[in-house]
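Read off the chains here:
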Amino acid sequence: MVLPAGPSATPAPESAMAPGQPGNPLHGVKLEAVVTALAAHYGWEGLGQRINIRCFTSEPSVASSLKFLRKTPWAREKVESLYLFMLREIRRSSPTAHNFPPPKP
């Protein structure tokens, strides 16, 4: 299939370009949101203790962290893994909600 070229061509919707990633919990989550959530949950000091990289231990900020993590795949993997761990930890600590019908009198 050949798509028309030029300014009149409209890009295909994102769902048509890629079939999606149903098994990937990070799909659609921006790195900035990941770093912000981790910093809010653990604090910069706690984040630096869990992942010992300078962008978390020495004058940490979201901007400096993003700059480093976008250039360093191994560090980004660690951050994404910690984020997934944090989500599991939050899910486990939250009370279980069951939608059982009320008992009949």
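The structure this text deals with has already been given above.
A short tour of the structure in this document, coming up. Only a predicted model underlies this, so the values are computations on that prediction, with no experimental measurement involved. (Residues numbered from 1 in each chain as written. Predicted model: local features only at pLDDT ≥ 70, side-chain atom pairs only at ≥ 80, totals over all residues. Heavy atoms only, no water.)

**Here we look at the packing of aromatic side chains**
Under the definition given, this model contains two aromatic pairs. Measuring from centroid to centroid gives 6.0 Å for Trp44 and Phe56, while their planes differ by 40°, and the two rings are tilted. Of this pair, Trp44 sits in helix α2 (residues 31-50) while Phe56 sits in helix α3 (residues 54-57), placing them 12 residues apart in sequence. Both rings, one in Phe68 and one in Trp74, keep their centres 6.4 Å apart while their planes meet at 85°; by these two values the pair is edge-to-face. By relative accessible area, which is 47% here, Trp74 ends up partly exposed. (Phe/Tyr/Trp six-rings, centres within 6.5 Å; stacked < 30°, edge-to-face > 60°. Helix = DSSP H or I, 4+ residues; strand = E, 2+ residues; numbered from the N terminus. Buried < 20%, exposed > 50% of the residue type's maximum accessible area, 1.4 Å probe, protein only.)

**A few points about the nonpolar core**
Grouped together as the largest cluster of nonpolar side chains are 18 residues, with contacts concentrated most on Leu38, Ile53, Phe56, Leu69 and Val79. At the level of secondary structure, the elements contributing two or more residues to this core comprise α2, α3, α4 (62-71) and α5 (73-93). Looking at this core element by element, the count peaks at six residues for α2. If we ignore the near neighbours within four places in the chain, the residues touching Val79 are Val34, Leu38, Ile51, Phe56 and Leu69. (Core = buried A, V, L, I, M, F, W, Y, C linked by side-chain atoms within 4.5 Å. Contact = heavy atoms within 4.5 Å.)

**Describing the packing of α4 against α5**
α5 packs onto α4 with a crossing angle of 115° between their chain directions and a minimal axis gap of 5 Å. Across the interface between the two elements, Phe68, Leu69 and Lys71 from α4 touch Pro73, Trp74, Ala75, Arg76 and Val79 from α5. (Axes fitted to C-alpha atoms, helices over the stretch in contact; angles between N-to-C directions.)

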